[in-house]
Structure formats: C-alpha cells, structure tokens
Amino acid sequence: MASGDADLDPMEGSSGFSSDSESEAGSSEELEDEEEQEEAFSDLSDDEQMLDMENSELPGPEMDAELPPDLQRHVKFLNAMSNILLTKLSKAECTSLLHDSVESEFFVIDGDSLMIEHVLNSTFCEGQNLHFFYLVERFLFDITQKGAKYVVVFFKDAESMWARSAYHLSLRTSLILHLKNNTEIRVYTEFTNCFSSKWQDFVQESYPYFIMTSDKAFKLAGDKGMSSYLLKIFIFHTLGSEINVAMTSGMHSDVRRVYGYYVNSKIAATRCKKTQKDMESAQRAIVSFLTQNHNNELCLGDDQNSKSISKEVQQDLVQLQSLWPDGSDIRRSVCVVSCSVALKCYMRMLKNEENHKGTATTGNETKDEILTFQEAADICRIYCAHVALLLHLPLIKRAQKKNNLKWVKPASDFLQLQNMNEHFILKNLDAAKSWRSDMVHLCDLSDKLLLTRVALCSRMKDHTESSFQLGQVIEEEYKQMWDTVSSLTSGYDIGKAFPLQTTAKMMVQENNNPLEEDPLEVIPEVSLIPVNIPLVEEYAGDILKDLPTLSSDSSVVTSLSESKEFDNLLDWYPRKPLSDDYERTRASTFGEKTNDPWVRKRMLRSYQKLVRFHRFYGSTLEGNITKNIITSVQGGATAAPKVTSAISGKGKKLPPKKKADIIAEENIRKKKEKEDQKQREQWTLISKSIIKMIQENFDHGIKKLEEFLKKCSGDSVKLIAEMDVLESCFKIWVEHCQNTDSTKKNRDIAGRVMKRIHNIMDKYEKMMEKNQLKLIAAYLKELGFNKLAQSIPDIDQKPARPKSSKKEDRCTVGVEPARFQLKYMGPYLLRDERNDPDPRVTHFIPDTWQRELLDAVDNNESAVIVAPTSSGKTYASYYCMEKVLRDSDDGVLVYIAPTKALVNQVVATVYNRFSKTLPDGMVVCGVFTRDYRQDALNCQILITVPQCLEILILTAQRQAWVKKLKYVIFDEVHCLGGEIGAEVWEHLLVMIRCPFLALSATISKPEVLAQWLQTVKNYWQQTDKTLENPAKVMGGKKKQHMKMPRDQRSYKVRLVIYGERYNDLEKYVCSSKGSGIDFVPYHPCAALTVNHIETHGFPSDLSLSPPESLRLYDLMAETWSSWPRTQELDPEEYKCFKDKIVIKKNDVRKYEAELKEELVKWITSGQRDQAIEVLDKLKPRSVVNSTATMVKQFPMLVEALQKENQLPALFFSFSVSVVERLAKETFNHVTNKEQMKRGSDDAKKRIEFENKLRKLSKRAGKKQPSDPKESHVSDNMVMKETEQEMLHQKLQELRKIPADCTYAVESAADRKILDTIFQRLQLAKTVNQLRFYLERGIGFHHASLNSKGRQAVEMLFRLGFARVVTATGTLALGINMPCKTVVFLDDSVSLDALQYRQMSGRAGRRGFDVIGNVVFYSVPMPKVQRLLKASVPLLNGQFPLSVSLVLRLMLLVAEAEDRMDAKAKALSLLQHSMLCYDKQKKQLVLKLYFLFCLQFLLKEGFVDLDGTPQGFAGLVTHLHSHEPANFVFVSFLVKGLFHKICTLREKSAIKAGSPRFSDEVMESLLLILANIFGRIHLPSCSTEKSWATLHQSKVFLEDLPEEFADAVNEYNRTIQEIFGCFLLSASNQADMVEECHLPLSRISFEGVQPLQTCDAKSVAELTTPGNHPTTAVSPFACLSGITNLDLFKTYNVDSISLRTIEVSSSNIPVLNLVKYDQQGRKMPLNAYALDFYKHGSLKALLNDNMLHLGDAYNVLNDFQLTISSISTSLKELCDNKDDVVVLAFEQLKDTFNQKFEKIKS
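Criteria and thresholds
- Residues numbered from 1 in each chain as written.
- Predicted model: local features only at pLDDT ≥ 70, side-chain atom pairs only at ≥ 80, totals over all residues.
- Heavy atoms only, no water.
- Helix = DSSP H or I, 4+ residues; strand = E, 2+ residues; numbered from the N terminus.
- Contact = heavy atoms within 4.5 Å.
- Salt bridge = Lys/Arg side-chain N within 4 Å of Asp/Glu carboxyl O.
- Buried < 20%, exposed > 50% of the residue type's maximum accessible area, 1.4 Å probe, protein only.
- Axes fitted to C-alpha atoms, helices over the stretch in contact; angles between N-to-C directions.
- Parallel < 35°, antiparallel > 145°, perpendicular 65-115°, else oblique.
- Left-handed = near helix turned anticlockwise from the far one by under 90°.
- Nonpolar A, V, L, I, M, F, W, Y, C, P; charged D, E, K, R; others polar.
- Phe/Tyr/Trp six-rings, centres within 6.5 Å; stacked < 30°, edge-to-face > 60°.
- Lys NZ or Arg CZ within 6 Å of the ring centre and 35° of its normal.
- Pairing = 2+ DSSP bridges.

With respect to the overall build of the protein
- A count of helical and extended segments in the protein gives 64 helices and 26 strands.
- Here the analysis covers contacts within the protein between residues at least 6 apart in sequence; of these, 79% occur between residues at least 24 apart.

Okay, here's the thing in structure tokens:
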C-alpha cells in the first residue's frame, strides 16, 4: 500500500478484504465459481446432481446378506446421498439459534431427535423415566424462556427407529402424550413422513425458520444403521424443500442464547425433486425392515400375536373402566393393565412352548432360561410394589445410587414385554375418549433403579407375609393394585399380594461390566481464603460472614504469603508494569514529536490531507456546514439560551416604549417592506420559468419552488408564489380532464392541487384576502368538494366563474373529499409541527421531543432516546458535542459506535461540522478502534467502539483522562442485548460518572432500561456525596473528583420516546409472472392473526398509511353489514375529518387508532369470525415467489423498480457472495443491453474515429510554424484542429452510455466531486471491478469490502449518482444511506425483527421522498408476516462477570492514583448488573461467583491477600477477551513449556537473512496457540466424511503435545474444584420447592403428605442415595445416581445443577481439550490458523476449512492481534533480549502478519 494511501485513510486495511484479492492472483475466478456452486442459485442441473450421487462413495453399511433384497438395492443410493449430505452438514455454521426478536422465529423440533439427544445424555441412567422427562422439559423450558416459538413433530414412520426396543418405544409414546396433555406445546403426530402431502402443506403454510433435528439415530441392536438413514433422508428432503436445518448435535447455551450448527438450505443447494421417488422408496424399505420380526425378538411371536396383545389391552381397559369408573392415576392404570396383559400373554406363550415340545429346539436351552408362570407373577408383584412406592414417595426421598446390578435375561425379556404392553396401553388411552386416566404423571410410569432395589430387597427377606413391610399407606395402595390385577386375570392363579417373591428365582445379578470408579472420591471442603480487601468487604461482606473460611495459619494461606519464584523464567519480571492496550494500538504518525522540520512538514501535510478527506466525506452526509467553535469564558459553564414564554409577562404592565425603540421598530418595518418588495420582484422574474418546469416535470418544478420559498423571509410573497403555482397546477388538472376519459383520470394530479391548497390554508389562511379565499373555494367546487368550499367563512359562495354542469362534472374527482385526501394525499398530509423557532437551533425548527433532548443536554442530564430512523435524534448528539467544545478546551465527549464503519462516518461528520482553535497538541476529533488510533487522548471528541473505551476506563494510568469526560453518547444502544460484546456496553453504562445519551430506534420497553440506568445514577449521586467528605478520602488528602460545581450536576435520566416516522412505509411483495415482476401491495394488518391480537394486541410500531387505514375501514364495513359504528367511522362523517379542507397526519393517526381499537373489540365481543374474515381479505392473493430464479431475475427486478420510479434502492441479502454476484449480474445485464443496442456498426465507427484521432494527434504534436509566411500551413493546422474537435465530439457521443443502460445519474453531483471519488477508488487495487460497477450506478457493500470501496459506495449513493446497491446487514447499523426503496432479497438466519426494522428504516428519504417502500422479493409469506408483527427485542442483560474481569477490577483499584474513585467504579459494575436488576437472589449468586473467582486468583498467585496484583496478572488482563486461554497460556509459560520447544537453529545452519527458528518450531508454537485461542469446533459429522479431495488444508487440528495437555488438565482440575465449591455454596440460594417441579409442565413431585414414621423406616431400606450428599444437584438428576460430586465435572453441570440459581457451564472457565456431542462423537477443532500459516491461501480457507469470506477475515485478524499482544507482552516482561521464547514469538508475529497482509486489502 502506498504511503499516500495510508495517510489519506489511516483505517485502510483494517476493515476486511474482498473476494477479488490481489493475493489470490489467478484464483479469483475459481473462488467465484466455487461460491456459485455453494449458493442456492447454483446452475447445477438435477441430472448432474444425480450423476454426483451415483458416482460418489461413502464408507457405510456394506451389502449385508441379512438385509432384505429390496433394501439392498437402496444401499448404494443411500450411501451416495449421505456423502452429499455430509458435505453440506460439515459446513454448518455454529450460530445463535434464537435472536432477540423471537416472534419472528417459529421453528419445528423433530420429536424423535429431541428424544435421541436426551436419552443419550451422559447423566441419564436408562430406566429412570422421570429424569428423562426432566431433561426434555429443562431443554424446552430453557428455549421457551428465551422466547422461542416452536412446535414438536413426531412422524409416524419414525416410530420404527425404536421398534427394536420396547422400553424406548414405550418412552416415546409417553413423551408424546405427556407433551400433548401436560404442556402447552403444540405436538403434531398426524404426519406419516416428510413426503406426506399433509406435511408439505403444513411446511408451506407455516414456513418454519428451521427444523431442529439429529443427524444420527440412537443405536439399537440389529438396525444395521438404517435408523440413521431415516434421519438423513429427512434432512436431505428438508434442505431440498428450502427449509433450513439446525442440528441437535453440539447444541449448547448460555444465560441468554442457544447456539447450534445451522445449515442454510440455500447454501446447501440441495435439489431432491428427481430423487424424491428414490428417497421415498428407500424410506418405505427401511421402515419395513426396522419393524419386521421385532415382535419375535420381544417374545411376542408373530405379528398376529402382536395384534392379539392390542386386542387384549383394549379388553382389559374396558374391564378396568368398570372396576374404576371414576378413573385413576395413569401410573396405576398402566401398571395393572400391563401386568395383567403380560401374564396372560406369557401363559399363552408357555402353552405354545409345551405344544411344540419335541420339535426343533436349541440344544443349549436350559430350564432356567425360561421363567415359570409364578416367577412371572413375582415380577409383576415387584413391579406393582415399586409403582405403589412411586405414588407416595416424595422426590427427595427417591435419590438412588448407581448399582452394578442387572436383571437376568428371562426377567429382562418379561419386562420388555411389559414395556410393549405399556406402549399399546398408552396408544389406546390416547384414542379412547370415553374414559381417561389422570394423565399428569405420564412422566413417571416406572423407575428401574427403584424396581431393581425392590427386587433385591424382596429376595433378601424370609418369604413370609409379615417379614416384608412397606408401611401401611403403601401396602394398602399395593394391595388394591394387585387385587385389580387378579380381577383382570380371573382365569389364572397369580397368587396373593404377599410375599412379593414366592419363588427362589434370582431376578437380579451382578453386572459383568463393573462401574467405573470416580478418580475424585471426596468432595472438596468449601473454605475460603480470608482476604483483607476493602472492595470485597464492601461488595460481598454480607454473605462472606456466613461462609466458612480457612484459618490464617492454614498451610494454604501461609503458602500464598510466600513470594512465588519462577525457576524456569530467571530473566523474567512478571510484576513489571506492561504497556496498556491503548499504547499497543497502531497509531497515526501525526502526533509524534520530531525535531526534523522536513518530517514535521510531511506529517502536517498528511494530517491536512486526512482532514480534507474527512470533510469531503462528511459533506456527502450533510453538505458543507463547518462551524467554528469559540470557547466560552474559562471556568464558567455555558448557559442555555432561554426561550421566552408567551405567557411569562402576563399580568404585568409593560413600561412605555422609548422614542428610540419606536424609531428602531419603524426602521425594521421599512426594511422588511423593502425586502418583501425585492422578493416580490424576484418572484415575478422567475415565476414563469418555475411554472413552465411544473408543467414539464412536476417534481423538479416544485423542488425549485421550495428552494425559493426557503429563501423568502416574508409570508406575503410566499402566499403570492403559492397561489400562482396553485393556479398552474389546477390548469394542468383541467387540461388532463379535457383530454382524458372520465374513467381513466389520474387523480394524483388532483392530489397535487389539493396539496397546494393544504399548504396555503394551513400556513397563510389568516392573511389571505377575500378574492384569494374565493379562488380557493372555486377550485374546491370544481374538484367536486362543495361542502369544503362552503366551509370557507365570510365569502360569497357563488362560483367565481360560471360554468356548465358538464364542465363542472368533467373536473370533479368523483370521490368524497375526506376519502380523496386519505386515498390520494396520504404522503402529502401535513404534520402538526411547531412554528416557533428555538434559538439553539438555526437551520430548522425542532419538535417538542427534540427540544426536550436539548434541555437535557443544557442541564447536564442523561437521556435514553428511542425514535425511528431519520427522525432527527442524532442532532442532540452534535448539539452535545458543540456544548462540550464551547465549555472548555479540556472537557472530553466520547461517542460510542458499534462498528468501525459507523466510527468512520461519525468522524467525518465531526470534521465537517466543527472547527476550533485549540492549544498546541490538542485537536477537535480523535479515533480509537481495536487496530487503529489517532489523537485519542489529546482530542475533545473521541469516536470509538465500546471495547476500546472499556480499556481506557479500566486502566489505572488512564484515570486522569477518564475524569475529563463530560458526556458519553451511546449510539445504537440496543446492542446492549447483542450476542457478542453486549456485556461491555453494560459495563460502560454503569461505570461512567458523567451524563450520557443512549440512542436507538429499536428497543422494547425502554422504560425498564431507563429505570435501571436511573438506579445507577442514584448510586453515583450517593457516592459523590460520600467522596466529598474529606475524612473518607484515602490518605487524608481531599481529591478533586468533580470539577463541575455541585449545583450544576445532574443525576436525572430522562426517557424520550418518539414513535412517528416522518415518512410512511408501504410494503409490497414481488410476484413473478413469466418474465415480468409485479409489486403486490401488502397491508400491515395482513400479517396479524386474531390469536396474535388477542394475546399481544397490535404491535406498537405497526402503523398504517392513510390509504391502508381507509382500506381497513372499507373491509370492516363490507364484512359486518350491521356494524353499529359504520356511520360514525365513515371518513366523511368522522369527527376529525368532517368538512375539513386540511386533514392532518395526526387526524389520520387518531382514525387509525380507533379502527384498531374497534377491531380488538370485535374479537373480544363475539365478532371473532368477522375479524378473521377482515384479516383474511387483507392478505394478498396469487403471490408467486421463486427462490431458484432469484439471481437470474434480479436485473428485471431492478428494471421494474426503475419503471415505477422507485430508485434509489438498497437490496439486502446476508450472503457476501450473493451480494457481489447480484451486482455483477446487474452490471452484465446493462452492458449486454448496451452492446445489443449499439450493434457492430457503432463499434466499427468508434475504432475508426479513435484511429483518426490518433493520427491527428501525432500531426498536431509536430512543431508549430513560426514564420508568418507559412500562414497557409497555420490555416491548415486550424482546420485539422477543428476536425479533431469534431471527431472527439462524435467519439464522445458514441462512448456515451444510453440512458436505459445505466443506473448512474451524471447530473446528481459535480463532476469534480465524482472524479475525486473515482480517483481515490483507483488507488485501491482490490476493488477494480467495483469501480466499473459504480460507473454504471451499481454498487455492493459488505464488511469484507475494504474501507475505500465501502466509502465510495456510500458517498456515490448519498450523492444520488449510484442508485442500485446490494448490501449485507452491516449497512443497516447506523450507516447514513437513506433511499427510496428497501428490498429484502431472501430469507436468512440473521433476518429477524430487529434487522428488519433497522433495514427498512433506510427507506423514505426525508426531504426527498414523500413515502418509503419496502419490497419483499424472495422472502416466504409466513416469514413476512412474522417480521411485521414481531416485537423489537427486550434488553435483559448479560452475565456480567468473568475471572478476568475480576482481576481487571483488582488491578484498577490497586494501581489507580485515586483509589476511592476506582473502587466506586468497581462497585458500580458489580452491584448494577442488568441481569440482576430487582432480583435479590441473583445478586447473591453473583456475589458468590465473585468470591470464588477471587479464590482462583489467590490460589494461582495473580493477587495477594491484600488484593494487590502479582505474578503475570498484567499478561492475563491483556488477553482478557480470550478467557480461559489467557490463564492456560500463563501456566504454559510459568512451567517453562515454551522454552522447551523454542530451540534455536545451530549457528552453522543459519544463512544470511534466514529466520532464527525453523518452520517446525513455528508450526509447533502455532499448534499450541490454535488449541487454546480462537477455537472453532466443527460439527461432529465432519469426522465421518472422507476428505480425500482436500489438497491444501489439513482442516482438523491436531491435539496438544502431551506436556501441554497435562498442564491444561491441571488447570481444569483447579477450576473444577473451585467452581464446584461455588455451585455447592450457591445451592443455598435455590428455590427447592421449585426444584421439585418439572420446569415446563409444572407437575410437582414435592410430596403432599409426609410418610408415617413406620413407613419411612420401611422405605429407607429401598432408597440408597449413595455415599455423597445430593443437596446441590437437581432432585430429578438424583434419580440416576447423580450426587454433589458430579458438580466437579463441568461437562455435565448444565443438566444436573439446580436450575433456579441460573448458572450455566459457560460461566465456568474450563478449557476442554476435546469436545464430544451427545452421541459420543468428537467435535474436532478447525485448524484454520495453522493451515493458513502453512499455505497462506484465502481460497483454501473458504473451500477446505469451510469458513465464510467475512468470517475468515475476522478470525484471522483476531488471531493475528492475539499473537501481536502476546509477543509485545513477553518482550516487555523479559529483560533478556535473546530469550528464545521472546524471539520465537516475535518471529511468529512477523511471519503470520506478513502472510495476513498479503490477503488484506
């Protein structure tokens, strides 16, 4: 990059790279082809895909002879399909599945996948039904609490996946019925499979956001892997149907979100139309195979026997109904019927065996392998007894120890028979409507561990009736059940209830596979190290006193007091202060001091060049409006100009005017008259030309009129001009009526006439003369508005000019006046705007809400501002900046923007707005981003991103600068609820002492945010009062904490809400018809349903335009003919419209509100059907969208918008490659169109003229004649020059692009400005193609495009030169690019309600467009509906703490000069978490978390007992954003592991200029870093695919070397112990009553009545909770043998911890070296960093490592910054310049950076 380029744009190169990077020379076309294949719009034919399927191979089930022949035929096809599918699934992106605006995110959960994931949960013990249901409900409850909207679908065919396990089959049926009966979740079971027409209709109607499914089935013996094929067929078909897929494998969550691997159907490009028959045939074959012969395996005999079991179940249920007519608990019903049917079936089986004696039998079969009937009855007795226990035992008494027992094979088979019976029973109960059991406890039909324990205890007893006691209550329950079983099996002798086991058969025995012993057998004792830290005492002292602490002479404590020596780091000084992140950020050279005059001159020129560019860029935003700021008198605050009140002098007698005042007033009056006369004359001169313009081009003429009116100071001249233009407009209307048939009148022309009348009557009515009023009345009459004409007072109502009735009728609009104004004048209706100027604002008159903002700034108050895009809320920010600049030369305002692109824009605006002479070394504006800074600490206005301001606020040595802060402005504050970095916004809001402005267009319930922030300000008010007391200031010295006098401070937080957009937005959906595109209007109410209105009401920001309000009324009146308010709400009779010449926007808003309120009343008062009909009629009809042809039709879409005069437009898609490709398609379309238009003759002429010009130029270059005698030669040369000019003109005409072959508007901007932009673009080598696009008015914009390209697109679009821009979502976040139309091109995971509002807010340019348009191109209709009706996000806060943050706070408090101020900041952050706002228990848990974070820091030696940082605390905090990798890295360093691998080359091997360390050493270092920093896990299925096609990247990262892995494991053990103790302590804050409820169904297992003493003693023997307590884990998890000990294994904390303490494993900083999914499959780490280091190829990262273009830049940039930070820190910590680790990391940094710079633009 040239140095001049860097000087001009210092942020160049830090914003990303483009896909046409120079570094990938020769590969850009290949990359583009690769991307095209990956898009949904691939041109790959179905035949080619079929060919791929036939030729592809995947290691899968081989041709198994046991497979049926019809299934064997499908195996090859299934393997080929799996290969293609795995390629797509392996590229799945881990993303947040739930966004903030969740109402737009309806999705489907595959019920069988849900079951697979939780059956495989590592904490679940098979047979513990209640624990399984708890796991399912905990998951569903978690996503429900996070706002998910979903349904669960169980396909009928999927039942076959479980057919070989009766237990799982019964469990599945129970789950379905439980979700249906006991929860509010919608469960669908009517779909046979994904090929059924019902399923297809459901998908098309509801259009799920994604389908959540598993890619691998539960392994069952004998299924030959076929169950997994069912899931793969489902996924393949789903992607082919253009429905996205989210895999359950690898799913995880935190406090706010759920993350999972997401496959975009468009990226997958799967087409299954031609494979559907094959897939459907394969599906049938698999289902048939899985279900056949499973009855034999379950001892059921043939299929006929299975049917007889079903019949037997039905008969017993009927009989049970007569025995228990009032119904019963489902557990009793299922138990007795399953036992009775099992006994009957077993007796039949025994009889069959006897009948077949002597026939073929297995020789090894023994008598013991078959149960006798009495032994079977024993099992049933044991089973009934265990169910009786379930009915009465409270949950906390059912904790079981995992045992090593198993049921003997015959008994196990009999229990399987019972499970199969349960399956049939539940199906019959679901179908039966006449009699139902109580379905509440479906989730607890059996408990295998308890059943085993009962079987063991029953055998241990002497088999007498009195020896085995269950207790009175339970025995009575059991006897009743057994008596019922006896009644149902009346033909069989099954024995009495007691004893439980009458035979000597051993039912359970020791398992051959012993349980694995836990390495950690003792739960660590919870004892805290005592500390002497004031911050800790003040924050957590209230709970610290109740926690056990170690004594001061404890070995743990005494070892901490000893200074830690690092034997492996002799030359290292870990306590040495490090440079902060600010100092390490790349700085401009402008601020560097030098004595070299030449260097200083060069630096000054570079700085001036930069300022010129910023002002030039800023001028495209607002025009040239630079204001020179002069600082007010030092020490005094600027008083706000006071606005005089109109009633302030009421009641007071005014003093008589002085003669001088009278003379002055007279002079002013004369001057005004003179000026009016001058302007009147000026109007006379230009009026004809303006009226002519209006006749030729109405919009252009009116624009010229408005420009004149703005310059006019006198209303009288304005009125004359308006009346003249009105007359001209009316003449146009009359002429139009005379030349047009009455049925084809364009009433928009009449609307223009009424618009002029509106302007005149609203602004000048009081000063109008009678003849002018008469003329207005005449115009109204001729338009047919007689009533309006009569409403004009004090004039003769006779027509101004007598006309025949025919002529009158010819000019009438044929519509009633109110209806006409609503339908044809909606965009032109006037708003109620203030007309009293505010002295604080010069170039416009602010609205009331804007004045409130200015008042807040004047009073040094904070404010939360919620107002739509383009409403003018940003003006308060610049007013605030001006105030800070005027007040002093050292006060600082910080403006926080969420993105670097927005930072650039604000910087340019500040440079364009303000200029100020400051002391030497100070500047007006500075910048600080993560990779660039300029004048950050010597400016008055700092523009930055949140992370960078947090660095300054939390750095001790920057506190002097922090105290200079006067205001902080948070732009786009809704990022407080974002996915990444949201906690930083929260930290800043609570730590700043100065006032702030928080701006956003999209916040739900902003009053909650304002209340929270007010509590923060109340804290600071109290803190400031405390700090003002000198006695409480450390050291007895009073500090100056506030320079502002106390009476000028303000701690008030204002909430300013303004909901009115300046322009209405009208929505359209595209309908493709042949080669044409229609724009079908979409009424906002069409998105609503009656249920939604009932539940949520009308969305607050769902507003209607006037025509839409009128249409809603018409449909309501049409639908309900007897509607009582038909007349009242008729537009002509409505109170706010009746006989009104000027209907205003506010009047229409009132009308809209009444219509909405009336529709709600319809729903609530019995007219629900009519309301449904109205909403249905509003829906558009016959809308045809085709995603497949989206790209091909895109140029036609642009042309259609151009014909409708709807350009300029922004076209949004969330795929970088799609965005670029669409721009390319449009460019190719217009260039091809031009070539076809010109033909070959034009090209020949152009070449001919170019050749002639070349020859003439050569001749003209010869020496000119100097001798006058050679005048004839001179004349000849003049002729040649003339010919040359003519040829040049002709050539220019030939080169000129036809108007219909470009979207550029040459007249939009001065040519010099355009040349400046294009010249700057030429310097950026990577955007050559973009330059050609922009010359045609076409552009693209995304985060991966370099800054020069982005800025060129932004400037040209704002200037109006470029009118077609395709863009990703990055453009929506605050970038000022207003347009006329916004088009949503396709659906995406990222397109939610928040993004929709941000993007659509760009439409409708204030001052340019009267209305904005939003077009949905290829977005499915259900998604459109959800986007329109979804609410904007609620800001709920993030988990605010981490171990690194605690250490940073300790550093701040310990090292700050003003420790009281630092402690106040730390306390504010700790005490004001938004997550814990008004939640006392959460605050206590947070305090405990803080204390245990501190315990870790103490034990690892990062702080001492007094809170003073030590060891490598500085290095850890520098890497804080990478926790826990920062702590692991330090442990590697301390143990000397890096020194072992960083061996220098032999001196003899070092050649001149070669590196000191070999590639092997560098790659080893990078392997280690890549294993702990920037980790990206690939989906587990990626390991199943063959990657033979990869040729550059290795893809899967190798494991850490053994010594490093041991160090990580040691770190993990320390973390697990400390945070396990934290969970033990936090359990005291849990709600144990709530913990005994299932989360979603709210079923309680607390136990209503306590057991009697005798019962409790008897039962105690049956429940064995194990050796460890269970007080800190979920009582449901205890059913599977989980104890407190398991809390020290973080991989399963989420499923076993007490959910009411709301702590997840994401809050425990463990670094798991290997990650597995629920199936036990390894989820490998992506080796992108190491691969890139080896080959340096961007293309390889995109193709092999499966990274997206934008993501590739971000992850590589982060990794490069991490290496740089580490290298710099190590260099500063070590005094030995030749230390091998320092040198190795420096070489690694330089080498990696060089490779990165090559692909960086």
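Structural notes on the pattern of salt bridges
- Considering all chains together, one arrives at 60 salt bridges under this definition.
- Measuring nitrogen to oxygen at the nearest pair gives 3.2 Å for the salt bridge that ties Asp447 to Arg398. With a gap of 49 residues between them, Asp447 in the loop between helix 16 (409-431) and helix 17 (448-460) and Arg398 in the loop between helix 15 (373-392) and strand 8 (405-407) connect regions that are remote in the sequence. Each member of the pair, Asp447 as well as Arg398, carries the same accessibility label: buried.
- Taking the shortest distance from any N to any O, the salt bridge between Lys883 and Asp887 comes out at 3.0 Å. Of this pair, Lys883 and Asp887 both sit in helix 32 (residues 875-887), four residues apart, which is roughly one turn of the helix.
- Given the relative accessible area of 18%, Asp887 is considered buried.
- A network of salt bridges, in which partner residues are shared, links Asp329, Arg331, Arg398, Asp444 and Asp447.

A closer look at the packing of helix 7 (residues 166-182) against helix 16
- The contact between helix 7 and helix 16 brings their axes to 8 Å, and the two run at 25 degrees. The orientation of helix 7 relative to helix 16 falls into the category roughly parallel. The hand of the helix 7/helix 16 crossing is left-handed. Where helix 7 approaches helix 16, its residues Ala166, Tyr167, Leu169, Ser170, Thr173, Ser174, Leu177 and Lys180 are matched on the opposing element by Gln416, Asn419, Met420, Glu422, His423, Leu426, Lys427 and Asp430.
- Residues that form the contact of helix 7 with helix 16 fall into these classes: six nonpolar, six polar and four charged.

Overview of the packing of aromatic side chains
- Per the stated rule, a full pass over the model turns up 64 aromatic pairs.
- Ring geometry for Tyr188 against Phe191: centres 5.8 Å apart, planes inclined by 20 degrees, an arrangement best described as stacked.
- Pairing Tyr1489 with Phe1622 gives two aromatic rings, centres 5.5 Å apart and planes at 80 degrees, and the pair type is edge-to-face. Within this pair, whereas Tyr1489 is found in helix 52 (residues 1480-1499), its partner Phe1622 is found in helix 57 (residues 1602-1626), the two being separated by 133 residues in sequence.
- Classification of Phe1622 by relative accessible area gives buried; the value is 0%.
- Connected via pairs of aromatic rings, a cluster forms that spans Phe155, Tyr188, Phe191, Trp199, Phe202 and Phe234.
- In this arrangement the basic side chain of Lys1487 is found over the ring face of Tyr539, its NZ or CZ atom lying 5.7 Å from the centre.
- If you follow Arg1699 out to its NZ or CZ, it ends over the ring of Phe141, 5.5 Å from the centre.

Describing the environment of Ser1704
- Position of Ser1704 relative to the elements: it lies in the loop between helix 60 (1693-1696) and helix 61 (1728-1735).
- Take Ser1704: its relative accessible area is 9%, and that puts it in the buried class.
- Between the C-alpha atom of Ser1704 and that of Val1693, which follows or precedes it by eleven residues, the distance is 7.1 Å.
- Ser1704 has contacts with Ser253, Asp254, Val255 and Asp1694, leaving out every residue within four places of it along the chain.

Notes on the packing of helix 37 (residues 1006-1027) against helix 51 (residues 1459-1471)
- In contact at an axis separation of 11 Å, helix 37 and helix 51 are set at 155 degrees when each is read in the N-to-C sense. Between helix 37 and helix 51, the angle falls in the class roughly antiparallel. In the packing of helix 37 onto helix 51, the handedness of the crossing is right-handed. Every residue of helix 51 that contacts helix 37 at Val1016, Tyr1019, Trp1020, Thr1023 and Leu1027 is listed here: Met1460, Ala1464, Lys1465, Leu1467, Ser1468 and Gln1471.
- Across the contact of helix 37 with helix 51, the residue classes tally to seven nonpolar, three polar and one charged.

Brief notes about the sheet that holds strand 1 (residues 93-96)
- Read across the sheet, seven strands follow the order 1-7-6-5-2-3-4 without closing on themselves; strand pairing throughout is mixed. Each edge of the open sheet carries a strand with a single partner, namely strand 1 and strand 4 (187-188).
- Bridging between strand 6 (residues 245-253) and strand 7 (residues 258-263) involves five bridges; their strand directions are antiparallel. Within strand 7, the position partnered with Ser253 by the bridge is Val258.
- Relative to strand 2 (residues 106-110), helix 8 (residues 197-206) is tilted by about 150 degrees, and along the sheet it contacts strand 2, strand 3 (149-153), strand 4 and strand 5 (211-213).

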